[in-house]
Amino acid sequence: MPASFYQAMGNIGTEDTICVKNYDAGASVTESYKDFEHLDKETEVVSRSFNTSNNEKDYTRGNASLEVSLNSNVIGKAHIAWQSKDMMPYYMGRHATYSLATEDLTGVFKIEKFLQLWSNSTLGSVRLDWLPCS
């Protein structure tokens, strides 16, 4: 084999990427790791769509969601991103973006995240009860 083949094989980086989209909820999540020396990860994704039991989508219930639990130990590079968009297009067929967040990390780190992206949630409809400190 030519030397350029071995040089090219030596430059291959490691990559582990997952991208999940739930069109009913208008939500997407990307978890990507590149050029890592060590990766120990556990990712759990739960994607729910609208109630289609009567062969028609029930948009009034607002039960579409995308939930992601990330837990990883990394030596390398990571890219974590999520976004939430309006399901119904408005001006010129575009969908309004409600939230968009990205994190780009390089080094030695631990990531623990739980993301809940729901359709049709109104302020106050999701409530977290915290335990008091003792």
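What counts, and where the lines are drawn
Residues numbered from 1 in each chain as written. Predicted model: local features only at pLDDT ≥ 70, side-chain atom pairs only at ≥ 80, totals over all residues. Heavy atoms only, no water. Helix = DSSP H or I, 4+ residues; strand = E, 2+ residues; numbered from the N terminus. Contact = heavy atoms within 4.5 Å. Areas by Shrake-Rupley, 256 points an atom, 1.4 Å probe, with all protein chains shown as cover. Pairing = 2+ DSSP bridges. Patch = residues over 30% accessible without salt bridge, like charges linked within 9 Å, V, L, I, M, F, W, Y side chains within 5 Å. Salt bridge = Lys/Arg side-chain N within 4 Å of Asp/Glu carboxyl O. pLDDT = per-residue confidence, 0-100. 1 Å grid on protein atoms, 1.4 Å probe; cavity = no way out; pocket = protein on both sides within 12 Å on 5 of 7 lines; lining within 4 Å. Points joined across faces, edges and corners; volume = space filled by probe spheres on them. Nonpolar A, V, L, I, M, F, W, Y, C, P; charged D, E, K, R; others polar.

(A) Here's a closer look at the overall build of the protein chain. Of the regular secondary structure elements, the protein chain holds 1 helix and 4 strands. The linear arrangement of helices and strands in the protein chain, starting from the amino end, is α-β-β-β-β. Taking contacts inside the protein chain between residues at least 6 apart in sequence as the whole, the part at least 24 apart equals 63%. Looking at the protein chain as shown, the accessible area adds up to about 9800 Å², and 51% of this sits on carbon and sulfur atoms.

(B) Quick peek at the pairing of strand S2 (residues 27-48). As paired elements, strand S1 (residues 15-22) and S2 share 8 bridges and run antiparallel to each other. Along S2, the bridge assignment pairs valine 20 with valine 29. Between S1 and S2, which pair antiparallel and follow one another directly, the connecting turn spans 4 residues, one of which, glycine 26, has a positive phi of 70°. Examined bridge by bridge, S2 and strand S3 (residues 65-85) share 19 bridges and lie antiparallel to one another. Bridged to glutamate 31 within S3 is isoleucine 80.

(C) Inspection of a nonpolar patch on the surface at higher detail. Taken together, the side chains of Tyr90, Tyr91 and Met92 define a hydrophobic patch exposed on the protein surface, amounting to about 440 Å² of accessible area. Residue position: tyrosine 91 is located in the loop between S3 and strand S4 (97-118).

(D) Broad picture of the confidence of the model for the protein chain. Averaged over all residues, the pLDDT of the protein chain equals 78, while 69% of them reach at least 70. The secondary structure element of the protein chain with the lowest average pLDDT is helix H1 (residues 3-10), at 62, and the one with the highest is S3, at 92.

(E) How the structure looks around the layout of surface pockets. Its volume calculated, the second largest pocket comes out at about 220 Å³. Residue composition of the lining of the second largest pocket, grouped by class: 3 nonpolar, 5 polar and 3 charged.

(F) Layout of empty space enclosed by the protein. Summed over the entire model, instances satisfying the criterion amount to 1 cavity of 30 Å³ or more. Ile18, Cys19, Val20, Val29, Thr30, Glu31, Thr43, Val45, Val68 and Leu70 together form the lining of the largest cavity. Counting residues per element, the ones that place at least two in the lining of the largest cavity are S1, S2 and S3. The element best represented in the lining of the largest cavity is S2, accounting for 5 residues. The residue makeup of the lining of the largest cavity, split by class, is 7 nonpolar, 2 polar and 1 charged.

(G) Broad picture of the environment of serine 69. Considering the arrangement of structural elements, one finds serine 69 in strand S3. Separated by 47 residues in the primary sequence, serine 69 and glutamine 116 have C-alpha atoms spaced 8.9 Å apart. Once you skip the residues sitting within four places of it in the chain, serine 69 turns out to touch Glu42, Thr43, Glu44, Lys113 and Phe114.

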